[in-house]
Amino acid sequence: MINHHPKFELIQSFVDGDLPASLSAAIAIHADMCPQCQQQIAELTDQVAEVSFEEAFLDRFIVDENQSIESVGELNADALDIEDMIAQITLSDDIDKVEPVVEKTMLFNNKAYTLPSALNNMSFGKTSHIGKLSRARIQLNENEIHTSLLQIEPGGSVPQHTHKGFELTLLLDGSFSDERGEYVKGDFIMLDGSHTHNPVSAQGCLCYTVANDALHFTQGINKLLNPIGTFIY
Amino acid sequence: MQTNLLSKVTNAKSSSMSDKIDHPQLCQWLNAVATSRDKKAFTQLFHFFAPKIQRIARNKFPNEAQASEVVQETMSNVWRKAHLFNQNKGAATTWVYTVMRNVTFDMLRKIKGNKEDNLSDDIWPIAESMTSEDESFDDHLENKQLLTVIEKLPEVQQQVVKGFYFMEMSQEQLAVHLNLPLGTIKSRLRLALAKLKMQLGEEHD
């Protein structure tokens, strides 16, 4: 059973469309596997939509002090040539056909995984390997935020590390465990600099990971492995 | 410095505070656009939504032109995708909100990340109904069809395709297993895939 969920603030930003693509996709994938969060998202979206399109909402906007109320009122008429825009849009009667979603698979060490549909149009870098870890970077161009698919082969582990920023691990397949317990498919695990952990995967797993800073290995000989931190992140 | 406008306009606009959205009316307009390409209904929708979208977009984009682009793009999507709206699955406001948020999200990614990958519809599907039960059914048919096409390949190419995709052997393992040079395995796989693509492509048209 899924035990780890995105916290409410994240879900709220997700609904508002304010999260980067990396985290938005993570929440969409989690919600696909978690009816509880899916329900919460649906309800919140209804509310946000209702409030956004209520007439009164316009009055609740926070604006610069030097922007007069008159200019707020005139803004729409000035900016939009309504009749012209309607005419242009309705010029063609064509409708958008929606193609059925085609499942995409990805191979890691000859094991084929079905990708979550939220990743369907993302581009992947070449897969690189260190020991039992394989990583394919997802090219999202989000500056310091790096997103990857990380496969751990059975018996593999990531040495004990901490994070300077945040590290999100979304378990797509298989399971792993660390000091805090066992994680299963669908678990949404958000860690920050205050956490140290050493994930081990007995059966192997595939994770979607998002991090905004390199991992930092903290223990003994593993400190020598700090280049791996850059590899995973 | 910022201030909440509410305190300043309470008197002037207090009447509008009680305005409630007429959901059945919005649904009816959307359905009229979907079923009969009704321009009058679309004009009504436009007058209801466009100024609000403009206002909301103005808070997310630095200039007026970009906010207008959000209006233009959102309302064209409403016109072209109205048939995907399903009133049993949610309110018209929720649907238009999703369309607007997706347009905004893709535009912001284009501006900030210089990426035109339009990921929003994968993250927040506009047509939820497309991912219902009949999908697995389609997939099943697809697999069956794929198999028949594979059976039409020359025997030597079939071996490689089946070994690689169904038995999940690596190209190296296949080379050992079939006692062939790795290069041969690779070229057979390439040839087979090209043929499959052509066949499936034709039958999909």
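Everything quoted here is computed from the prediction, not taken from an experiment.

Let's talk about the overall build of chain B
When helices and strands are tallied, chain B shows 10 helices and 1 strand. Ordering the α and β elements of chain B from the N terminus gives β-α-α-α-α-α-α-α-α-α-α. Expressed as a percentage of its 205 residues, the buried residues of chain B come to 43%. Counting only contacts in chain B whose residues sit at least 6 apart along the sequence, the fraction spanning at least 24 positions is 53%. Per element, the accessible surface of chain B, about 11300 Å² overall, is 53% carbon and sulfur.

Observations concerning the packing of aromatic side chains
Following the criterion strictly, the structure yields 9 aromatic pairs over all chains and no others. Taking 5.0 Å as the distance between ring centres and 40 degrees as the angle between the ring planes, the aromatic pair formed by Phe176 of chain A and Tyr183 of chain A counts as tilted. Each member of the pair Phe176 of chain A and Tyr183 of chain A is classed as buried. Grouped by ring-pair contacts, the aromatic residues Phe14 of chain A together with Phe105 and Trp124 of chain B constitute a single cluster.

Digging into the packing of helix α3 (residues 39-58) of chain B against helix α4 (residues 64-81) of chain B
Residue and element names in this part refer to chain B. Closest axis-to-axis distance for the α3/α4 pair is 9 Å, and the angle between their directions is 145 degrees. The chirality of how α3 crosses α4 is right-handed. Taking contact as the criterion, the partners of Lys39, Phe42, Leu45, Phe46, Phe49, Ala50, Ile53, Gln54, Ala57 and Arg58 in α3 are, on α4, Glu64, Ala67, Ser68, Val70, Val71, Thr74, Met75, Val78 and Trp79. Its residues placed into classes, the contact of α3 with α4 shows 13 nonpolar, 3 polar and 3 charged.

Considerations on α4 of chain B
Here α4 of chain B spans 25 Å end to end across 18 residues, near enough to the 26 Å set by a 1.5 Å rise per residue. All of the buried residues along α4 of chain B are Gln66, Ala67, Ser68, Val70, Val71, Thr74, Met75, Ser76, Asn77, Val78, Trp79 and Lys81 of chain B.

A word on the environment of Arg37 of chain B
Turning to its location among the elements, Arg37 of chain B is positioned in the loop between α2 (23-36) and α3. For the pair Arg37 of chain B and Trp79 of chain B, spaced 42 residues apart in sequence, the C-alpha to C-alpha distance is 8.1 Å. With residues near it in sequence (within four places) discarded, Arg37 of chain B still touches Ser92, Asp93, Asp94 and Ile95 of chain A together with Ala32, Trp79 and Arg80 of chain B.

Here's the deal with the packing of helix α2 (residues 21-33) of chain A against helix α3 (residues 35-53) of chain A
In helix packing, the relevant descriptors are the interaxial angle and the interaxial distance, both defined with respect to the helix axes. Residue and element names in this part refer to chain A. Viewed as axis vectors pointing N to C, α2 and α3 meet at an angle of 120 degrees, and their least axial separation amounts to 5 Å. In terms of their interaxial angle, α2 and α3 are classed as oblique. α2 and α3 meet at a crossing whose hand is left-handed. Contact with α2, carried on its side by Ile27, His30, Ala31, Asp32 and Met33, involves Pro35, Cys37, Gln38 and Ile41 of α3 and no other residues of that element.

As for the state of the cysteines
Between two cysteines, a covalent bond joining their sulfur atoms is known as a disulfide. Residue and element names in this part refer to chain A. By the definition in use, this model includes 0 disulfides over all chains. As a non-bridged cysteine, Cys34 has Cys37 as the owner of its nearest cysteine sulfur, 3.7 Å distant. Note on Cys34: relative accessible area 3%, which makes it buried. Residue Cys37 is classed as buried on the basis of its relative accessible area of 4%.

Remarks on the pattern of salt bridges
Summed over all chains, the structure comprises 8 salt bridges over all chains. A salt bridge links Asp93 of chain A to Arg37 of chain B, with the shortest nitrogen-to-oxygen separation between them at 4.0 Å. Placement of Asp93 of chain A in the loop between α5 (82-89) and β2 (105-108) and of Arg37 of chain B in the loop between α2 and α3 is noted, with the two residues assigned to different chains. A relative accessible area of 46% places Asp93 of chain A in the partly exposed class. In this structure, the salt-bridge partner of Arg109 of chain B is Glu142 of chain A, at a minimum N-O distance of 3.5 Å. Here the residue Arg109 of chain B occupies a position in helix α5 (residues 92-113), and Glu142 of chain A occupies one in strand β5 (residues 133-142), the pair thus bridging two chains.

Rules used throughout
- Residues numbered from 1 in each chain as written.
- Chains lettered and ligands numbered in written order.
- Predicted model: local features only at pLDDT ≥ 70, side-chain atom pairs only at ≥ 80, totals over all residues.
- Heavy atoms only, no water.
- Helix = DSSP H or I, 4+ residues; strand = E, 2+ residues; numbered from the N terminus.
- Buried < 20%, exposed > 50% of the residue type's maximum accessible area, 1.4 Å probe, protein only.
- Contact = heavy atoms within 4.5 Å.
- Areas by Shrake-Rupley, 256 points an atom, 1.4 Å probe, with all protein chains shown as cover.
- Phe/Tyr/Trp six-rings, centres within 6.5 Å; stacked < 30°, edge-to-face > 60°.
- Axes fitted to C-alpha atoms, helices over the stretch in contact; angles between N-to-C directions.
- Left-handed = near helix turned anticlockwise from the far one by under 90°.
- Nonpolar A, V, L, I, M, F, W, Y, C, P; charged D, E, K, R; others polar.
- Expected span 1.5 Å × (residues − 1).
- Parallel < 35°, antiparallel > 145°, perpendicular 65-115°, else oblique.
- Disulfide = S-S within 2.5 Å.
- Salt bridge = Lys/Arg side-chain N within 4 Å of Asp/Glu carboxyl O.

No statement about biological role is implied by the geometric values presented.
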